[in-house]
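A closer look at the structure
One-letter residues, chain by chain:
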Amino acid sequence: DFYTTSEVTDQVSVLVEADFNADTENAATYRLERALVKYAFSDLLNVTVGKLHVPVGYWNPATHHGSWLQTTIARPDIALREAENGAFIPVHQIGINLSGVKEFTGVDVEYDAGVFNGRGRTVTEVQHVKDKNDGKAVNLHVSLRPQAIEGLTVGGNVWFDEIPSNPPTAARREAINE
């Protein structure tokens, strides 16, 4: 995993993450995991544009590639990545995400609101340049972090998307609202 960041200014940062692997026959593979630009107006508002890890659930943003950071033996099946033939929840997306944190007495409130290309025809397909349907995926996330209990975060996500139909397969000819 090749991970590069740069703080261009106090407000602008860039992140690029590339994954290099060898398969069972020692053939090299390359995958661009993330490529994004972030503009931080303040703690309350950050704008991120590019290919990013969708802030859905706990596992994806917290321990996306860091298996050694996980508290379990393996990543839960619901949080598998596309490369692991999983991706029950959306993992990588291309689009724009607004995020921020507001500190209150006793609790911090964190949010994310994003518009992305959405899912492809299969769970392992990330739609890069163009979405395969007219609609975009929308993600809304809010979480609370009580200051009295270090490490506790409680929150939820709402994800709206349409998974395009997959005509070549007889199993699913209709689009699915997600």
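So, here's what we can say about the structure. (Residues numbered from 1 in each chain as written. Predicted model: local features only at pLDDT ≥ 70, side-chain atom pairs only at ≥ 80, totals over all residues. Heavy atoms only, no water.)

**Here's the deal with the overall build of the protein chain**
Which entries qualify depends on this criterion: Each helix corresponds to a stretch of at least 4 residues labelled H or I by DSSP, and each strand to a stretch of at least 2 residues labelled E; elements are numbered beginning at the N terminus. Three labels apply to residues, based on accessible area from a 1.4 Å probe with only protein chains included: buried if under 20% of the type maximum, exposed if over 50%, partly exposed otherwise in between. Any two residues whose heavy atoms approach within 4.5 Å are treated as being in contact.
Across its full length, the protein chain carries one helix and ten strands. The order of α-helices and β-strands along the protein chain, N terminus first, is β-β-β-β-α-β-β-β-β-β-β. Classification of the 178 residues of the protein chain by burial places 34% in the buried group. Of the contacts formed within the protein chain by residues at least 6 apart in sequence, a portion of 42% connects residues at least 24 apart.

**Thoughts on the packing of aromatic side chains**
The criterion, for reference: Between 30 and 60 degrees the pair is tilted, below 30 it is stacked and above 60 it is edge-to-face, where a pair is any two Phe, Tyr or Trp rings, Trp via its six-membered ring, whose centres lie within 6.5 Å.
This structure, assessed with the given rule, holds three aromatic pairs. Here the aromatic rings of F116 and W159 are separated by 6.1 Å at their centres, their planes lie at 15 degrees, and the arrangement is stacked. Linking F116 in strand β6 (residues 107–116) with W159 in strand β8 (residues 154–160), this pair joins segments that are 43 residues apart in sequence. For the residue pair F116 and W159, the accessibility class agrees, reading buried in each case.

**Things to note about the pairing of strand β5 (residues 92–104)**
Selection rule: Should DSSP find at least two bridges between two strands, the strands are taken to pair.
Direction of pairing for strand β4 (residues 46–53) relative to β5: antiparallel, over a ladder of eight bridges. Paired with L52 across the strands is Q93, a residue of β5. As paired strands, β5 and β6 are joined by ten bridges and run antiparallel to one another. Opposite N97, over in β6, you have G114 as the bridge partner. With antiparallel pairing between neighbouring strands as the criterion, β5 and β6 make up a hairpin whose turn holds two residues, including G106 at a positive phi of roughly 95 degrees.

**Focus on the environment of V142**
With respect to the element layout, V142 can be found in strand β7 (residues 137–146). For the pair V142 and N157, spaced 15 residues apart in sequence, the C-alpha separation works out to 6.7 Å. Residues within four places of V142 in sequence aside, it is in contact with V109, E110, Y111, V154, G155 and G156.

Honestly, that's just the spatial picture; any functional story needs more than this.
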